[in-house]
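One letter stands for each residue in the lines below.
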Amino acid sequence: MDKPVMSIVARSRAAFRDFVQAESAGGLVLIAAAALGFIIANSAWSEDYTHILHTKVGGLDVLHWINDGLMALFFLLVGLEIKREMIEGQLNTWSKRILPCVAAVGGMIAPAIIFMIVNYDVPEDWRGWAIPTATDIAFALGVLSLFGNRVVNSLKVFLTSLAIIDDLLAILIIALFYSGDLSLPFLGAAAGAAAILFLMNWFGVMRVWPYLIVGAALWAAMLFSGIHATLAGVILALAIPIGGGHEAVGTKEVPSPLHDMEHALERWVAFLIVPIFGMANAGVSLAGVGIGHLIEPLALGIILGLFIGKQGGIMLTVWVAVKTGLAAWPEGATWRQTYGVAVFCGIGFTMSLFIGLLAFPDVEREEITKLAVLVGSLLSVAFGSLIFMTAGSQTLAEEQKEDSRVPRY
């Protein structure tokens, strides 16, 4: 007997729910993996840890395979999530996109401004302006999940949508500002592979394996093209057909390569790939590190950008959008709870570390960047947690009754 048909809307909601659950649990695994990497880097095994990461395998060292290879799968999943949400999910209409869009833009502009103000007199640090602009969706959702019924569902949707748009903006920043010396032959090969992918989509190819074969060729071409190889994952994701353009006939389910690939990837990415990245890149040795390193312009710009810039930029743009009637307030959420989510957006970890590695090739700045990202993210975790622990589970109506100064929306 054939399986009952799952509607397009139901399938999208199920995909979103599975994604949030995987990211929430995966965020806790990421926290543990990052902590383990940090502990090992400051233990008697630190030399072994460093040696393993720089061991050559197939012409590239292990760390390179992690940051350019495994993270391409992370970007593939991010691209699939963005496409799904934009077409049939939480961001499929402009009315749903407005609030997380303006919040994401505000949450990127403010940290960049703060970073540049702090580093105004240090031109060699300017390449790091984008480091504090990113939000780690897995880490943030993992921490948010610890507060149970203190967090209304609309805020989880808001945070997830904001972080997805944040990831999209970060991808654009990497493509535009962190490309190396371009190789025209390999760029041509990459363009050819991308064209084949979109032609397969155009002609209705619904099997996944042809896309994966051409996607692997695209990644190899981009590895030597000067454009970061991980962006091949995003291009591949955009070419994967979402399927389900028409309702199913009879009892046959509409095939969806995008949903199938996303479902196959999400737990591998959440529970293996991102934790491996975290463990490999959070290993900052504190040997010889003092408070002076944290007040250097580079570190201070990152810390203040993540902890002050993120929450300030998001809350300002949200307040303006709601006040002007441009966007609706997250249903049932209080100002305090929304502020707590904005603070959690200062958890930059995965993407911030990734951008930092692209910005600074020298070891000294890499180490300062890693330490600053850890400090800024931990400050955001601590302060955001304090807000939710004191906010309780009250609704917006209860908060307004308690404080008449809060505007009613």
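The structure presented is a predicted model; accordingly, all values stated were derived computationally and were not measured.

1. Some points on the overall build of the chain
Next, step 1: Along the chain, the regular secondary structure elements total 16 helices and two strands.
Next, step 2: Expressed as a percentage of the 409 residues in the chain, the buried residues total 52%.
Next, step 3: Of the contacts formed within the chain by residues at least 6 apart in sequence, a portion of 82% connects residues at least 24 apart.
Next, step 4: Surface exposure of the chain reaches about 18300 Å², of which carbon and sulfur atoms provide 69%.

2. Points about the packing of aromatic side chains
Next, step 1: Throughout the structure, instances matching the rule amount to 13 aromatic pairs.
Next, step 2: Taken together, a centroid distance of 5.4 Å and an interplanar angle of 50° make the contact between Phe75 and Phe354 tilted. With Phe75 in helix 3 (residues 62-88) and Phe354 in helix 14 (residues 349-359), this pair connects stretches of sequence that are 279 residues apart. Assigned by exposure class, Phe75 and Phe354 land together as buried.
Next, step 3: A centroid spacing of 5.9 Å and a plane angle of 75° characterise the contact between Phe307 and Phe383, whose relative ring orientation is edge-to-face. Remark: Phe383 occurs in helix 15 (residues 363-391) and Phe307 occurs in helix 12 (residues 297-323); sequence separation between them is 76 residues.
Next, step 4: With a relative accessible area of 18%, Phe307 lands in the buried category.
Next, step 5: Positioned above the aromatic ring of Trp94 is the side chain of Arg97, whose terminal nitrogen or guanidinium carbon lies 4.8 Å from the ring centre.

Cut-off values and rules
- Residues numbered from 1 in each chain as written.
- Predicted model: local features only at pLDDT ≥ 70, side-chain atom pairs only at ≥ 80, totals over all residues.
- Heavy atoms only, no water.
- Helix = DSSP H or I, 4+ residues; strand = E, 2+ residues; numbered from the N terminus.
- Buried < 20%, exposed > 50% of the residue type's maximum accessible area, 1.4 Å probe, protein only.
- Contact = heavy atoms within 4.5 Å.
- Areas by Shrake-Rupley, 256 points an atom, 1.4 Å probe, with all protein chains shown as cover.
- Phe/Tyr/Trp six-rings, centres within 6.5 Å; stacked < 30°, edge-to-face > 60°.
- Lys NZ or Arg CZ within 6 Å of the ring centre and 35° of its normal.

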